[in-house]
Amino acid sequence: MNDQLKTDTDFVQESTPATEAGDYTEVSIGEFFRRIYQVTYSKTVGLIIILILTAYVLLGVLIPQASSGVWNDIQARENFLDAMQNRFRGLAALMNFLGLFNVFTSIGFMVVMGALTISILGCTTHRIPQLWQRYKHPRIQVSDRFFAAARYRGQVETAASDEQTIAVAKAKLKAARYRVLDGERNLVYADKFSWGGIGTVIAHLAFILIIAAYVITSLTGYEAVINIPAGGGKQIPVGAGTDYTLEATSFDASFDPETGRPTDYVSNLILRAGDQIVKEQQVRVNTPLNYGGFSFHQGSYGNALDITISSKNAEVFSGVVVQSWPGTWMGEAIVVGTVELPTLGLLVDVISPRSGVVHPALKAGQVMFVILQASDGAQLNQITVDHGQTGKIGDMSLTFDREGAYTGIMVRNDPGSIWMGIASILLVAGMMITFLCRPKRVWMRAQDGVLMIASPDKEDSGFRREFTELLSHAQTWFEPVRSKK
Amino acid sequence: MTTTTTTPAKSAVNVASFTTAFTIIAFVLVTAYLGMRMAITGHGPFSNQHEFAVAFTWGILAAYLVALWRYKVRMLALLVLPVAAGLLVYAFQMGTEVQSLVPALQDKLLLTIHVGFAVLSYGAACVSFGAAVLYLLHPVFKFKLSRETFDEIGYKAAVVTFPLMTIMILLGALWAQTAWGRYWGWDPKETAALVTWLVYGAFLHARIARGWRGTRSAVLLIVGFAAVMFAYFGNHFFGGLHSYG
Ligand code: HEM
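Residues numbered from 1 in each chain as written. Chains lettered and ligands numbered in written order. Predicted model: local features only at pLDDT ≥ 70, side-chain atom pairs only at ≥ 80, totals over all residues. Heavy atoms only, no water.

Before going further, it helps to examine the confidence of the model for chain A. Per-residue pLDDT for chain A averages 86, and the proportion of residues at 70 or more is 93%. Within the model, pLDDT remains below 50 along residues 1-23 of chain A, and this stretch shows 32 contacts once partners closer than five positions in the same chain are excluded. (pLDDT = per-residue confidence, 0-100. Contact = heavy atoms within 4.5 Å.)

Next comes the structure, spelled out in structure tokens:
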């Protein structure tokens, strides 16, 4: 007896059409696709995919991951894999093969995300007609047994005629902001939030939009760091196909005098498009400069050399060289930075003594430029230049403008982020609707001086409380009934 | 030694009432402490492990008191309060001094809201953990309350946890977007939070898809809270941007 109610009530029961045993011999193309569709909307398959994804993401937390910067740099990747070899020994090669050191860009991960997308789409498309049906044409008619067997049920005796009773019940339900629909034989159906199922549709589509936004970001997002000398007036090209340049008029780092912890980094930036100043702003860690779809973030800072290189009287480089490689030359410690000159097929190493080191060949305030062939690293020439001076090698002139602070600005352009924002709002909205606007249904029938009230909804203490309240309210809708004895 | 003359039932009621009274007092004190600390530092409790652990404790006590008010199940305290106490002990093992904020953490309003959602969602997760454990222990201890009550509390608390955690993660992404221009970087802390979120998502779908209730659903809730603790204490063993604290 309960079975009939269960299928009626179980909101999420899948109505998988029974397949006859004999059907298997001939699977038409339509049938084939129907079965594939069945897999995509199977909630069990969906759950398994979510669990696989969970396990996958967990591996990405537990196993050290190479950042994309490391992964895309052959040398850095090799160093990273060597370190992993030491740590995981024989397993490292297998782990690398399985993509476990770059989980989030691995093929396996993309396959799981793809499967999740398809599954969510399947579930949602399958669900929409059901939700629409429930909203537009809810099942109204119920059997008499329903009132005797439903999960929530009760009754109130009334002195009025059945027609009057049901009219009162309808008016009261409407006043309590139920949607009320008439059934046959003094029956009413009432519901609240019958549209609430839209919440899960919104949430699921929002999640797909999140995945899409992430894909857009990964494929089209632009990201680079440019180092700009603080002061000195140099305008550094932003690149990325724009004619923008950035100048930093100053950079300041402040520290807590007691603990030495940094408290603020501020760059004063001027953004130009061509010769035109388009924006001037103080950029801090949490206040980027935004312009034309680009954002400029405070990234790093430090000390660097400010140099200019020209070839045949045309400037080929003007900017900052950060000396980040340590080395030794003539037995003394040095620091090296490299400038790439792709148009000339050359590299220029810029070398100074490590600070505090007295170098036999390089005086303080001097740098040495070493010119190398980009293709094979063969050393072509070298020259030592004093601060503020220019040295010449053939038709190249190399100027050591000054040494000073630079600010590292992260340049980003991410067409995906706006979609991520929209998707986030939709996801939260969808969840709020889902969890705060749960559909509720009540049936009432007046029969032989009794108003029967029942609902087959899921067991829930909140709804039970509400139902009990409705029942005790219903007692007050009618004149007290004189004892029939 | 004194002998008590009260009946066992009566003394149990008294102990339970005392527990509730103490919990309320503890909640008020933790609230006051956090309030004063926020007034002194001028920002929410997110700048170091001490502040966040106290805030986490606050979230657990708040979630417990809400559950108590809704369901009148004082037994939850058996599991929830030890977690809260453990966190407080941990909080005072960590440096309690007031520190200046490093630049990345200076978006005070956004971070305060971000941490607020984290604390509430983790608190609700702790309550659902407590309910799940009591569900599993039910046959052993034969509590007076029905076993289904614990199943429902576990589920309801998870239904609160999930959206709050969603908002927390999205606010974290918004912060990363303003500070670094990228909303998601797979840094271990945010990735661990994603794992936790997926576990709770799996829990909700297991209930819908497979009708998981009872034991299996309780086990998932315990795994979910283990994931919360892992994401929380993760700072100690994985680096990344979030290791600022
Ligand atoms: C990680 C991505 C997903 C998110 C964020 C998500 C979110 C949600 C939420 C918040 C609910 C409401 C839960 C409740 O009422 O207790 C829900 C329900 C549901 N989800 Fe998902 N879900 C995801 C993936 C999936 C997948 C892959 C499937 C398909 C197999 C699926 C199918 C369903 C179904 C059928 C429901 C019940 C819908 C209803 O009652 O109207 N979900 N989901």
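Bringing the sheet that holds strand 7 (residues 262-273) of chain A into the picture now. Residue and element names in this part refer to chain A. A sheet is described by the order of its strands in space; here 4 strands give the open sequence 5-6-7-8, paired in antiparallel fashion. One side of each edge strand has no neighbouring strand; the edge strands of this open sheet are strand 5 (236-237) and strand 8 (276-283). For strand 7 and strand 8, the ladder comprises 7 bridges, and the chain directions are antiparallel. Residue pairing across strands places Ile270 opposite Glu280, the latter belonging to strand 8. (Pairing = 2+ DSSP bridges. Helix = DSSP H or I, 4+ residues; strand = E, 2+ residues; numbered from the N terminus.)

All right, on to the site of the ligand then. Residues in close proximity to the ligand total 23 residues, the closest being A:Cys123, A:Arg127, A:His204, A:Arg438 and B:His205. Looking at what sits near the ligand, you find residues from chains A and B. At a separation of 2.9 Å, an oxygen atom of the ligand approaches a polar side-chain atom of A:Arg127. In the environment of the ligand, an oxygen atom lies 3.0 Å from a nitrogen or oxygen atom belonging to the side chain of A:Arg438. Put simply, the parts of the chain that give the shell around the ligand at least two residues each are helix 3 (43-62), helix 7 (107-136), helix 10 (198-220) and helix 11 (415-436) of chain A together with helix 5 (147-180) and helix 6 (188-209) of chain B. Sort the elements by how many residues they give to the shell around the ligand and helix 7 of chain A lands first, with 5 residues. (Near = heavy atom within 4 Å. Polar contact = N/O pair within 3.5 Å; in protein donor to acceptor, adjacent residues only side chain to side chain.)

This brings us to the nonpolar core. Core analysis: the biggest nonpolar cluster contains 126 residues, and A:Phe109, B:Leu76, B:Trp197 and B:Tyr200 have the highest contact counts within it. Among the elements that line this core, the one with the most residues is helix 5 of chain B, at 18 residues. Discounting residues that sit within four places of it in the chain, B:Leu76 has contacts with B:Tyr64, B:Ala67, B:Val127, B:Gly130, B:Ala131, B:Leu134 and B:Ile153. Within the second largest apolar cluster, 21 residues are counted, among which are A:Tyr178, A:Leu451, A:Phe463 and A:Leu470. (Core = buried A, V, L, I, M, F, W, Y, C linked by side-chain atoms within 4.5 Å. Buried < 20%, exposed > 50% of the residue type's maximum accessible area, 1.4 Å probe, protein only.)

We now examine the packing of helix 7 of chain A against helix 10 of chain A. Residues and elements named next belong to chain A. Here helix 7 crosses helix 10 at 155 degrees, and the two axes come no closer than 10 Å. As the angle between them shows, helix 7 and helix 10 are arranged roughly antiparallel. The hand of the helix 7/helix 10 crossing is left-handed. Across the interface between the two elements, Met113, Leu116, Thr117, Ile120, Leu121, Thr124, Ile128 and Leu131 of helix 7 pack against Thr200, Val201, His204, Leu205, Phe207, Ile208 and Ile211 of helix 10. By residue class, the composition of the contact of helix 7 with helix 10 is 11 nonpolar, 4 polar and no charged. (Axes fitted to C-alpha atoms, helices over the stretch in contact; angles between N-to-C directions. Parallel < 35°, antiparallel > 145°, perpendicular 65-115°, else oblique. Left-handed = near helix turned anticlockwise from the far one by under 90°. Nonpolar A, V, L, I, M, F, W, Y, C, P; charged D, E, K, R; others polar.)

This paragraph deals with the interface of chain A and chain B. Taken together, the contacts link 46 residues of chain A with 48 residues of chain B. Between chain A and chain B, the buried area comes to about 4000 Å², and carbon and sulfur atoms account for 66% of it. The largest per-residue losses of area from chain A upon contact with chain B belong to A:Val61, A:Arg261 and A:Asn286, which jointly make up 16% of the total buried on that side. Our enumeration of links across chain A and chain B arrives at 1 salt bridge. One salt bridge connects B:Lys156 with A:Asp460, and the closest N-O pair in it is separated by 2.6 Å. The tally of links from chain A across to chain B stands at 8 residue pairs in polar contact (both at pLDDT 80 or more). (Buried area = accessible area lost by both parts, 1.4 Å probe. Salt bridge = Lys/Arg side-chain N within 4 Å of Asp/Glu carboxyl O.)

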